Amino acid sequence: MVEDLIIIGSGPAGFAASIYAGRAQLSPLLITGSALGGQMALANEIENYPGFLEAINGQELTQLMQRQAERFGTRVEMDEVTGVDFSVHPFKVKTYAQEHEAKAVIISTGASSRKLGVPGEEEFTGRGVSYCATCDGFFYQNRTVIVVGGGDSAVEEAMFLTKYASKVYLVHRRNRLRAEKVTQERAFRNEKIEWVWDSVVTEILGDQGVAQARIRNVKTDEEFFLKADGIFIYIGNVPNTQFLNGQVELNERGYIVTDRKCHTSVPGVFAAGDVQEWSLQQIATAVGSGAMAAMEADKFIAELEGTTYPERTYSHVYWGKSPDLTKSLKEDNKVMVITKDMPIGQIVQKYPKTVEVFLRHGLMCFGCAIAQYEDVEQGAIAHGIDIEALMKDLNAVVPEAAGSE
Ligand SMILES: Cc1cc2nc3c(=O)[nH]c(=O)nc-3n(C[C@H](O)[C@H](O)[C@H](O)COP(=O)(O)OP(=O)(O)OC[C@H]3O[C@@H](n4cnc5c(N)ncnc54)[C@H](O)[C@@H]3O)c2cc1C
(Lines give C-alpha, C1' and ligand atoms only; values in the text may rest on other atoms or scores of the structure.)
Protein backbone atom coordinates (compact mmCIF):
# COMPACT_ATOMS: atom_id res chain seq x y z
CA MET A 1 0.00 0.00 0.00
CA VAL A 2 1.30 3.43 -0.91
CA GLU A 3 0.61 5.96 1.86
CA ASP A 4 -0.43 9.46 0.91
CA LEU A 5 1.70 10.99 3.64
CA ILE A 6 4.19 9.73 6.19
CA ILE A 7 5.12 12.05 9.05
CA ILE A 8 8.35 11.19 10.81
CA GLY A 9 8.48 12.26 14.46
CA SER A 10 5.92 12.73 17.23
CA GLY A 11 6.87 16.11 18.65
CA PRO A 12 4.61 19.16 18.34
CA ALA A 13 5.60 19.67 14.69
CA GLY A 14 4.67 16.09 13.79
CA PHE A 15 1.37 16.19 15.67
CA ALA A 16 0.37 19.56 14.21
CA ALA A 17 1.19 18.25 10.73
CA SER A 18 -0.91 15.16 11.32
CA ILE A 19 -3.90 17.16 12.61
CA TYR A 20 -3.87 19.31 9.46
CA ALA A 21 -3.20 16.37 7.16
CA GLY A 22 -5.93 14.32 8.86
CA ARG A 23 -8.43 17.10 8.34
CA ALA A 24 -7.34 17.24 4.70
CA GLN A 25 -8.38 13.57 4.49
CA LEU A 26 -4.86 12.31 3.92
CA SER A 27 -5.10 9.66 6.67
CA PRO A 28 -1.43 10.20 7.53
CA LEU A 29 0.87 7.62 9.06
CA LEU A 30 2.91 9.12 11.90
CA ILE A 31 6.03 7.25 12.98
CA THR A 32 6.83 8.28 16.54
CA GLY A 33 10.52 7.56 17.00
CA SER A 34 11.78 6.52 20.42
CA ALA A 35 10.57 9.67 22.19
CA LEU A 36 6.80 10.14 22.03
CA GLY A 37 6.14 13.87 22.30
CA GLY A 38 9.76 14.69 21.56
CA GLN A 39 11.41 17.43 23.60
CA MET A 40 7.99 18.79 24.48
CA ALA A 41 7.40 15.73 26.67
CA LEU A 42 10.54 16.60 28.64
CA ALA A 43 9.32 20.07 29.57
CA ASN A 44 7.87 20.10 33.03
CA GLU A 45 5.96 23.35 32.80
CA ILE A 46 5.10 25.04 29.52
CA GLU A 47 3.97 28.58 30.11
CA ASN A 48 4.34 30.17 26.72
CA TYR A 49 2.17 28.00 24.50
CA PRO A 50 -1.02 29.94 23.77
CA GLY A 51 -4.32 28.71 25.10
CA PHE A 52 -3.23 27.47 28.53
CA LEU A 53 -3.84 29.97 31.29
CA GLU A 54 -1.89 27.86 33.76
CA ALA A 55 1.35 26.15 32.79
CA ILE A 56 0.79 22.78 31.17
CA ASN A 57 3.01 19.76 31.62
CA GLY A 58 4.74 18.54 28.45
CA GLN A 59 3.50 14.97 28.72
CA GLU A 60 -0.05 16.16 29.21
CA LEU A 61 0.20 18.39 26.13
CA THR A 62 1.62 15.42 24.19
CA GLN A 63 -1.38 13.29 25.09
CA LEU A 64 -3.80 16.02 24.04
CA MET A 65 -2.06 16.49 20.70
CA GLN A 66 -1.98 12.75 20.04
CA ARG A 67 -5.68 12.36 20.81
CA GLN A 68 -6.51 15.31 18.56
CA ALA A 69 -4.41 13.84 15.73
CA GLU A 70 -6.01 10.41 16.08
CA ARG A 71 -9.46 11.94 16.11
CA PHE A 72 -8.82 13.15 12.58
CA GLY A 73 -7.59 9.81 11.31
CA THR A 74 -3.86 9.81 12.00
CA ARG A 75 -2.42 6.34 12.49
CA VAL A 76 0.31 6.50 15.13
CA GLU A 77 2.99 3.84 14.75
CA MET A 78 5.57 3.26 17.49
CA ASP A 79 8.69 2.70 15.47
CA GLU A 80 11.81 4.50 14.36
CA VAL A 81 12.90 5.39 10.85
CA THR A 82 16.27 3.89 10.06
CA GLY A 83 16.63 5.02 6.46
CA VAL A 84 14.89 6.64 3.50
CA ASP A 85 15.12 6.49 -0.26
CA PHE A 86 14.02 9.74 -1.83
CA SER A 87 15.59 8.94 -5.20
CA VAL A 88 12.49 6.96 -6.19
CA HIS A 89 8.80 7.83 -6.15
CA PRO A 90 6.75 6.75 -4.23
CA PHE A 91 9.39 7.49 -1.58
CA LYS A 92 10.63 4.64 0.60
CA VAL A 93 10.73 4.97 4.37
CA LYS A 94 12.39 2.14 6.28
CA THR A 95 11.74 1.44 9.93
CA TYR A 96 12.94 -1.32 12.24
CA ALA A 97 9.71 -3.23 11.56
CA GLN A 98 9.04 -2.67 7.86
CA GLU A 99 9.41 -0.61 4.71
CA HIS A 100 6.73 1.91 3.77
CA GLU A 101 6.01 3.78 0.56
CA ALA A 102 4.58 7.29 0.46
CA LYS A 103 3.66 9.97 -2.01
CA ALA A 104 4.87 12.70 0.35
CA VAL A 105 6.94 12.80 3.53
CA ILE A 106 7.20 15.32 6.35
CA ILE A 107 10.37 15.18 8.43
CA SER A 108 9.74 16.48 11.94
CA THR A 109 12.45 14.66 13.82
CA GLY A 110 13.48 17.65 15.93
CA ALA A 111 16.68 17.63 17.84
CA SER A 112 18.35 15.83 20.72
CA SER A 113 20.31 17.18 23.63
CA ARG A 114 23.87 18.14 22.85
CA LYS A 115 26.40 16.25 24.92
CA LEU A 116 29.13 18.00 26.89
CA GLY A 117 31.71 15.58 25.51
CA VAL A 118 33.76 15.48 28.72
CA PRO A 119 35.23 12.47 30.53
CA GLY A 120 32.68 10.78 32.79
CA GLU A 121 29.60 12.01 30.88
CA GLU A 122 28.93 8.78 29.05
CA GLU A 123 30.01 6.60 31.96
CA PHE A 124 27.56 8.26 34.37
CA THR A 125 24.61 8.77 32.01
CA GLY A 126 21.66 7.25 33.84
CA ARG A 127 23.70 7.18 37.06
CA GLY A 128 23.65 10.88 37.82
CA VAL A 129 24.07 12.48 34.41
CA SER A 130 20.70 13.41 32.92
CA TYR A 131 19.21 15.52 30.13
CA CYS A 132 15.69 15.54 31.56
CA ALA A 133 14.79 17.10 34.91
CA THR A 134 11.13 16.12 34.49
CA CYS A 135 12.11 12.47 34.21
CA ASP A 136 14.84 12.29 36.85
CA GLY A 137 14.40 15.30 39.17
CA PHE A 138 12.37 13.31 41.66
CA PHE A 139 15.40 11.17 42.58
CA TYR A 140 17.26 14.17 43.97
CA GLN A 141 15.18 14.96 47.05
CA ASN A 142 17.31 17.02 49.45
CA ARG A 143 20.40 16.51 47.35
CA THR A 144 22.73 18.79 45.44
CA VAL A 145 22.66 18.98 41.65
CA ILE A 146 24.44 20.92 38.93
CA VAL A 147 22.64 22.31 35.90
CA VAL A 148 24.80 23.20 32.92
CA GLY A 149 23.63 25.87 30.43
CA GLY A 150 22.21 29.39 30.27
CA GLY A 151 19.22 29.22 27.92
CA ASP A 152 15.52 28.90 28.68
CA SER A 153 15.62 25.13 29.14
CA ALA A 154 18.55 25.25 31.58
CA VAL A 155 17.06 28.00 33.74
CA GLU A 156 13.52 26.61 33.76
CA GLU A 157 14.69 23.12 34.59
CA ALA A 158 17.01 24.47 37.32
CA MET A 159 13.99 26.11 38.93
CA PHE A 160 12.01 22.91 38.59
CA LEU A 161 14.82 20.97 40.30
CA THR A 162 14.69 23.26 43.33
CA LYS A 163 11.39 21.56 44.18
CA TYR A 164 13.39 18.49 45.10
CA ALA A 165 17.04 19.40 45.51
CA SER A 166 18.35 21.34 48.49
CA LYS A 167 20.82 23.17 46.27
CA VAL A 168 21.20 23.72 42.53
CA TYR A 169 24.43 25.08 41.04
CA LEU A 170 23.86 26.61 37.64
CA VAL A 171 27.11 26.52 35.70
CA HIS A 172 27.18 28.78 32.67
CA ARG A 173 30.07 29.59 30.36
CA ARG A 174 29.18 33.29 30.17
CA ASN A 175 28.36 35.94 32.77
CA ARG A 176 24.77 36.46 31.65
CA LEU A 177 21.88 34.26 30.66
CA ARG A 178 20.21 33.76 27.30
CA ALA A 179 16.89 32.80 28.90
CA GLU A 180 13.78 35.00 28.58
CA LYS A 181 13.78 38.00 30.96
CA VAL A 182 10.75 36.84 32.90
CA THR A 183 12.35 33.44 33.49
CA GLN A 184 15.65 35.02 34.54
CA GLU A 185 13.97 37.28 37.09
CA ARG A 186 12.17 34.40 38.68
CA ALA A 187 15.34 32.31 38.79
CA PHE A 188 17.38 35.11 40.37
CA ARG A 189 14.85 35.28 43.20
CA ASN A 190 15.21 31.55 43.88
CA GLU A 191 17.48 31.17 46.88
CA LYS A 192 18.28 27.53 46.23
CA ILE A 193 20.11 28.38 42.99
CA GLU A 194 23.78 29.31 43.20
CA TRP A 195 25.22 30.85 40.05
CA VAL A 196 28.61 29.75 38.76
CA TRP A 197 29.43 32.20 35.96
CA ASP A 198 32.09 32.07 33.24
CA SER A 199 32.63 28.40 33.93
CA VAL A 200 32.52 25.04 32.19
CA VAL A 201 32.38 21.45 33.39
CA THR A 202 35.53 19.64 32.26
CA GLU A 203 35.10 16.27 33.98
CA ILE A 204 32.45 14.30 35.84
CA LEU A 205 33.72 12.10 38.64
CA GLY A 206 32.22 9.53 40.95
CA ASP A 207 32.06 5.90 41.87
CA GLN A 208 28.67 4.13 41.68
CA GLY A 209 27.11 7.44 40.75
CA VAL A 210 28.13 11.05 40.25
CA ALA A 211 29.99 12.56 43.20
CA GLN A 212 31.53 15.76 41.84
CA ALA A 213 32.42 17.77 38.77
CA ARG A 214 35.65 19.46 37.81
CA ILE A 215 34.96 23.03 36.79
CA ARG A 216 37.18 25.53 34.99
CA ASN A 217 36.67 29.27 35.02
CA VAL A 218 37.12 30.28 31.36
CA LYS A 219 38.34 33.77 32.26
CA THR A 220 40.89 32.94 34.94
CA ASP A 221 41.59 29.29 34.02
CA GLU A 222 41.18 28.48 37.71
CA GLU A 223 40.04 24.91 38.37
CA PHE A 224 37.86 23.76 41.24
CA PHE A 225 35.44 20.96 42.16
CA LEU A 226 31.74 21.10 42.94
CA LYS A 227 30.25 18.23 44.92
CA ALA A 228 26.94 17.09 43.49
CA ASP A 229 24.78 13.98 43.24
CA GLY A 230 23.43 14.76 39.79
CA ILE A 231 24.31 16.77 36.68
CA PHE A 232 21.61 18.00 34.30
CA ILE A 233 22.89 19.15 30.91
CA TYR A 234 21.07 21.75 28.78
CA ILE A 235 23.62 23.17 26.36
CA GLY A 236 21.62 23.10 23.14
CA ASN A 237 20.68 20.56 20.57
CA VAL A 238 21.85 18.54 17.61
CA PRO A 239 19.35 17.86 14.79
CA ASN A 240 18.10 14.30 14.26
CA THR A 241 18.99 14.04 10.58
CA GLN A 242 21.55 11.23 10.49
CA PHE A 243 19.02 8.71 9.13
CA LEU A 244 18.56 10.87 6.01
CA ASN A 245 22.00 9.90 4.85
CA GLY A 246 22.49 13.14 2.92
CA GLN A 247 19.37 12.74 0.76
CA VAL A 248 18.06 16.23 1.49
CA GLU A 249 20.17 19.35 1.70
CA LEU A 250 21.47 20.08 5.20
CA ASN A 251 23.32 23.14 6.44
CA GLU A 252 26.78 22.95 7.96
CA ARG A 253 25.30 22.15 11.39
CA GLY A 254 23.16 19.30 10.07
CA TYR A 255 19.79 21.13 10.07
CA ILE A 256 17.49 20.72 7.05
CA VAL A 257 17.50 23.64 4.61
CA THR A 258 13.92 24.66 3.78
CA ASP A 259 12.16 27.57 2.15
CA ARG A 260 9.49 29.53 4.00
CA LYS A 261 6.89 26.94 3.08
CA CYS A 262 8.80 24.00 4.53
CA HIS A 263 9.93 22.61 1.14
CA THR A 264 13.23 20.74 1.28
CA SER A 265 15.59 20.21 -1.65
CA VAL A 266 13.49 17.16 -2.68
CA PRO A 267 10.03 17.94 -4.12
CA GLY A 268 7.43 16.12 -2.04
CA VAL A 269 9.63 16.00 1.06
CA PHE A 270 8.91 18.67 3.67
CA ALA A 271 10.48 19.54 7.00
CA ALA A 272 8.96 21.16 10.08
CA GLY A 273 10.00 22.18 13.57
CA ASP A 274 13.36 22.17 15.29
CA VAL A 275 14.94 20.05 12.56
CA GLN A 276 14.64 23.01 10.18
CA GLU A 277 17.36 25.56 9.71
CA TRP A 278 16.53 28.91 11.37
CA SER A 279 13.77 27.62 13.58
CA LEU A 280 13.05 29.45 16.85
CA GLN A 281 13.00 26.01 18.48
CA GLN A 282 9.82 26.46 20.44
CA ILE A 283 6.55 24.56 20.53
CA ALA A 284 4.56 27.41 18.99
CA THR A 285 6.87 27.64 15.98
CA ALA A 286 7.10 23.85 15.62
CA VAL A 287 3.31 23.67 15.50
CA GLY A 288 3.11 26.51 12.95
CA SER A 289 5.57 24.91 10.59
CA GLY A 290 3.93 21.49 11.02
CA ALA A 291 0.65 22.99 9.82
CA MET A 292 2.39 24.65 6.89
CA ALA A 293 4.20 21.44 5.89
CA ALA A 294 0.94 19.46 5.94
CA MET A 295 -0.85 21.94 3.71
CA GLU A 296 2.06 21.97 1.27
CA ALA A 297 2.14 18.17 1.25
CA ASP A 298 -1.59 18.13 0.50
CA LYS A 299 -1.05 20.49 -2.42
CA PHE A 300 1.85 18.39 -3.68
CA ILE A 301 -0.24 15.23 -3.67
CA ALA A 302 -3.16 16.96 -5.38
CA GLU A 303 -0.90 18.29 -8.12
CA LEU A 304 0.75 14.90 -8.47
CA GLU A 305 -2.60 13.44 -9.25
CA GLY A 306 -3.34 16.08 -11.81
CA THR A 307 -6.48 17.39 -10.21
CA THR A 308 -7.47 19.89 -7.57
CA TYR A 309 -9.45 17.11 -5.92
CA PRO A 310 -7.07 14.18 -5.70
CA GLU A 311 -8.56 10.81 -6.59
CA ARG A 312 -8.86 10.03 -2.94
CA THR A 313 -11.62 7.92 -1.49
CA TYR A 314 -13.84 9.52 1.11
CA SER A 315 -15.45 7.21 3.58
CA HIS A 316 -18.29 9.63 4.33
CA VAL A 317 -20.16 11.48 1.68
CA TYR A 318 -23.43 12.98 2.73
CA TRP A 319 -26.31 14.53 0.99
CA GLY A 320 -29.99 14.20 0.63
CA LYS A 321 -30.73 10.76 -0.63
CA SER A 322 -33.91 11.33 1.22
CA PRO A 323 -35.47 14.55 0.03
CA ASP A 324 -35.99 15.32 3.68
CA LEU A 325 -32.39 15.79 4.72
CA THR A 326 -33.40 18.65 6.98
CA LYS A 327 -35.46 16.27 9.08
CA SER A 328 -32.57 13.88 9.37
CA LEU A 329 -30.12 16.61 10.23
CA LYS A 330 -32.31 18.33 12.74
CA GLU A 331 -34.43 15.66 14.31
CA ASP A 332 -32.64 12.38 14.11
CA ASN A 333 -29.20 13.87 14.33
CA LYS A 334 -28.21 11.22 11.83
CA VAL A 335 -26.11 11.60 8.77
CA MET A 336 -26.85 9.70 5.64
CA VAL A 337 -23.89 7.96 4.18
CA ILE A 338 -25.09 7.38 0.70
CA THR A 339 -21.86 6.86 -1.06
CA LYS A 340 -19.14 4.92 0.59
CA ASP A 341 -15.70 4.45 -0.92
CA MET A 342 -16.50 6.40 -4.02
CA PRO A 343 -13.63 8.38 -5.49
CA ILE A 344 -14.28 12.06 -5.49
CA GLY A 345 -13.79 12.39 -9.24
CA GLN A 346 -16.63 9.95 -9.83
CA ILE A 347 -18.91 11.88 -7.51
CA VAL A 348 -18.15 15.13 -9.30
CA GLN A 349 -18.95 13.50 -12.63
CA LYS A 350 -22.12 11.78 -11.49
CA TYR A 351 -23.70 14.47 -9.36
CA PRO A 352 -22.38 17.80 -10.58
CA LYS A 353 -25.28 19.92 -9.37
CA THR A 354 -25.25 18.52 -5.86
CA VAL A 355 -21.50 18.96 -5.70
CA GLU A 356 -21.91 22.52 -6.83
CA VAL A 357 -24.39 23.19 -4.02
CA PHE A 358 -22.05 21.72 -1.43
CA LEU A 359 -19.15 23.78 -2.68
CA ARG A 360 -21.26 26.90 -2.67
CA HIS A 361 -21.99 26.27 1.01
CA GLY A 362 -18.35 25.79 1.87
CA LEU A 363 -18.57 22.02 2.20
CA MET A 364 -15.35 21.41 0.41
CA CYS A 365 -15.39 17.72 0.92
CA PHE A 366 -19.08 17.16 0.66
CA GLY A 367 -19.99 17.04 4.30
CA CYS A 368 -16.67 15.87 5.68
CA ALA A 369 -16.41 19.21 7.43
CA ILE A 370 -19.22 18.17 9.71
CA ALA A 371 -18.41 14.46 9.81
CA GLN A 372 -16.28 14.71 12.90
CA TYR A 373 -19.21 15.88 15.03
CA GLU A 374 -21.58 13.39 16.52
CA ASP A 375 -24.22 16.04 16.57
CA VAL A 376 -24.40 17.11 12.96
CA GLU A 377 -26.26 20.29 13.57
CA GLN A 378 -23.69 21.39 16.11
CA GLY A 379 -20.97 20.59 13.59
CA ALA A 380 -22.66 22.55 10.89
CA ILE A 381 -23.05 25.52 13.18
CA ALA A 382 -19.41 25.28 14.27
CA HIS A 383 -18.40 25.51 10.64
CA GLY A 384 -20.73 28.40 9.97
CA ILE A 385 -22.93 26.37 7.64
CA ASP A 386 -26.41 27.74 7.18
CA ILE A 387 -28.46 24.54 7.21
CA GLU A 388 -31.68 26.22 6.13
CA ALA A 389 -30.05 27.75 3.07
CA LEU A 390 -28.18 24.54 2.29
CA MET A 391 -31.38 22.53 2.44
CA LYS A 392 -33.18 24.99 0.23
CA ASP A 393 -30.51 24.72 -2.43
CA LEU A 394 -30.19 20.98 -2.02
CA ASN A 395 -33.89 20.43 -2.40
CA ALA A 396 -33.67 22.15 -5.75
CA VAL A 397 -31.30 19.46 -7.02
CA VAL A 398 -32.66 16.51 -5.08
CA PRO A 399 -34.00 14.74 -8.15
CA GLU A 400 -30.40 14.28 -9.16
CA ALA A 401 -29.59 12.60 -5.87
CA ALA A 402 -32.72 10.53 -5.65
CA GLY A 403 -32.05 6.94 -6.45
CA SER A 404 -28.32 7.33 -6.20
CA GLU A 405 -26.40 4.58 -4.46
C1 LIG B 1 13.56 20.55 28.83
C2 LIG B 1 12.92 21.34 27.73
C3 LIG B 1 11.98 22.31 28.07
C4 LIG B 1 11.36 23.05 27.05
N5 LIG B 1 10.42 23.98 27.37
C6 LIG B 1 9.76 24.65 26.40
C7 LIG B 1 8.73 25.58 26.71
O8 LIG B 1 8.43 25.82 27.87
N9 LIG B 1 8.10 26.21 25.69
C10 LIG B 1 8.41 25.97 24.37
O11 LIG B 1 7.77 26.55 23.49
N12 LIG B 1 9.39 25.10 24.05
C13 LIG B 1 10.07 24.44 25.03
N14 LIG B 1 11.07 23.57 24.68
C15 LIG B 1 11.43 23.41 23.27
C16 LIG B 1 10.40 22.56 22.53
O17 LIG B 1 10.13 21.40 23.28
C18 LIG B 1 10.90 22.20 21.14
O19 LIG B 1 11.17 23.38 20.43
C20 LIG B 1 9.84 21.39 20.38
O21 LIG B 1 9.52 20.21 21.08
C22 LIG B 1 10.33 21.03 18.97
O23 LIG B 1 9.36 20.24 18.37
P24 LIG B 1 9.64 19.27 17.12
O25 LIG B 1 8.36 18.58 16.87
O26 LIG B 1 10.27 20.04 16.05
O27 LIG B 1 10.75 18.25 17.61
P28 LIG B 1 10.92 17.35 18.91
O29 LIG B 1 10.05 17.81 20.01
O30 LIG B 1 12.39 17.29 19.15
O31 LIG B 1 10.39 15.92 18.45
C32 LIG B 1 11.10 15.15 17.54
C33 LIG B 1 10.40 13.83 17.34
O34 LIG B 1 11.05 13.12 16.29
C35 LIG B 1 11.22 11.78 16.67
N36 LIG B 1 12.35 11.19 15.93
C37 LIG B 1 13.66 11.52 15.96
N38 LIG B 1 14.35 10.72 15.12
C39 LIG B 1 13.46 9.87 14.56
C40 LIG B 1 13.53 8.80 13.62
N41 LIG B 1 14.69 8.41 13.09
N42 LIG B 1 12.39 8.15 13.28
C43 LIG B 1 11.19 8.52 13.81
N44 LIG B 1 11.06 9.53 14.67
C45 LIG B 1 12.18 10.19 15.06
C46 LIG B 1 11.43 11.81 18.18
O47 LIG B 1 11.09 10.55 18.76
C48 LIG B 1 10.43 12.90 18.56
O49 LIG B 1 9.15 12.33 18.72
C50 LIG B 1 11.71 22.82 25.68
C51 LIG B 1 12.66 21.83 25.37
C52 LIG B 1 13.25 21.10 26.38
C53 LIG B 1 14.28 20.05 26.03
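Residues numbered from 1 in each chain as written. Predicted model: local features only at pLDDT ≥ 70, side-chain atom pairs only at ≥ 80, totals over all residues.

1. Focus on the site of the ligand
Of all residues adjacent to the ligand, which total 38 residues, the nearest are Gly11, Gly33, Gly38, Gly110 and Gly273. Counting residues per element, the ones that place at least two in the shell around the ligand are helix 1 (12-23), helix 4 (152-161) and helix 6 (283-304). By residue class, the composition of the shell around the ligand is 17 nonpolar, 18 polar and 3 charged. (Near = placed C-beta within 6 Å. Helix = DSSP H or I, 4+ residues; strand = E, 2+ residues; numbered from the N terminus. Nonpolar A, V, L, I, M, F, W, Y, C, P; charged D, E, K, R; others polar.)

2. Structural notes on helix 2 (residues 58-71)
Over its 14 residues, helix 2 runs 20 Å from end to end, which matches the ideal 20 Å to within 8%, given 1.5 Å per residue. The complete set of buried residues in helix 2 reads Gly58, Leu61, Thr62, Met65, Gln66 and Ala69. In an axial view of helix 2, the angular spread of the buried residues amounts to 135°, which keeps them on one side of the axis. Exposed and facing more than 90 degrees away from the buried side of helix 2 are Arg67 and Arg71. In this structure, the buried residues of helix 2 make contact with helix 1, strand 2 (29-31), strand 3 (75-77) and helix 3 (133-136). Two residues or fewer past helix 2, Gly73 is found with a positive phi of approximately 95°. (Expected span 1.5 Å × (residues − 1). Buried ≥ 20, exposed ≤ 12 C-beta atoms within 10 Å, placed from the backbone. Arc of directions from axis to C-beta. Contact = placed C-beta atoms within 7 Å.)

3. What about the confidence of the model for the chain?
Per-residue pLDDT for the chain averages 82, and the proportion of residues at 70 or more is 77%. Averaged pLDDT values for the elements of the chain fall to 35 in strand 18 (residues 313-314) and rise to 98 in strand 14 (residues 223-227). Every residue in residues 307-344 scores below 50 in pLDDT, and together they form 80 contacts with partners more than four places removed in sequence or on other chains. Across residues 400-405 the pLDDT falls below 50, and counting only partners more than four positions away or on other chains, this stretch makes 14 contacts in the model. (pLDDT = per-residue confidence, 0-100.)

4. Quick word on the packing of helix 1 against helix 2
Between two packed helices, what matters for the description is the angle formed by their axes and the separation of those axes. One way to put it is that helix 1 packs onto helix 2 with a least axis distance of 8 Å and a crossing angle of 25°. Between helix 1 and helix 2, the interaxial angle falls into the category roughly parallel. Along this stretch, helix 1 crosses helix 2, giving a crossing that reads as left-handed. Here Pro12, Phe15, Ser18, Ile19 and Gly22 of helix 1 lie close against helix 2, whose contacting residues are Met65, Gln66, Gln68 and Ala69. For the contact of helix 1 with helix 2, the residue count by class is 5 nonpolar, 4 polar and no charged. (Axes fitted to C-alpha atoms, helices over the stretch in contact; angles between N-to-C directions. Parallel < 35°, antiparallel > 145°, perpendicular 65-115°, else oblique. Left-handed = near helix turned anticlockwise from the far one by under 90°.)

5. Examining the sheet that holds strand 12 (residues 199-206)
Pairing is antiparallel in the open sheet, where 3 strands are placed in the order 12-13-14. In the strand order of this sheet, the two ends are held by strand 12 and strand 14, each with one partner. Here the average twist between neighbouring strands, direction ignored, is 30°. Across 5 bridges, the pairing between strand 13 (residues 210-217) and strand 14 is antiparallel. Considered in strand 14, the bridge of Arg216 is made with Glu223. (Pairing = 2+ DSSP bridges.)

6. Examining the sheet that holds strand 9 (residues 144-148)
Across the sheet, 5 strands lie side by side as 8-15-9-10-11; this open sheet has parallel pairing. What marks the edges here is a single partner per strand, and that holds for strand 8 (129-130) and strand 11 (193-196). Of the pairings in the sheet, the one linking strand 8 to strand 15 (residues 230-233) comprises 2 bridges and is parallel in character. Along strand 15, the bridge assignment pairs Ser130 with Phe232. Sitting on the sheet, helix 4 touches strand 9, strand 10 (167-171), strand 11 and strand 15, and the angle it makes with strand 9 is about 170°.

7. Thoughts on the packing of helix 4 against helix 5 (residues 181-188)
Running from N to C, helix 4 and helix 5 cross one another at 35°; their axes reach a closest spacing of 10 Å. When the axes of helix 4 and helix 5 are compared, the crossing they make is left-handed. Residue-level contacts link Asp152, Val155, Glu156, Ala158 and Met159 of helix 4 to Thr183, Gln184, Arg186 and Ala187 of helix 5.

8. Description of the pairing of strand 15
Across the two faces of strand 15 the burial is the same, with Gly230 and Phe232 and Ile231 and Ile233 all buried. One ladder, built from 4 bridges, connects strand 9 with strand 15; its direction is parallel. Across the sheet, the residue bridging to Val147 is Phe232, located in strand 15.

9. A few points about unusual backbone geometry
Residue His89 is joined to Pro90 through a cis peptide bond whose omega torsion reads 0°. Locating Pro90 in the fold gives a position in the loop between strand 4 (81-85) and strand 5 (91-95). Backbone geometry places Asp221, a non-glycine residue, at a positive phi of 70°. Structurally, Asp221 can be placed in the loop between strand 13 and strand 14. Judged by local crowding, Asp221 falls into the exposed class, with 7 C-beta atoms found within 10 Å.

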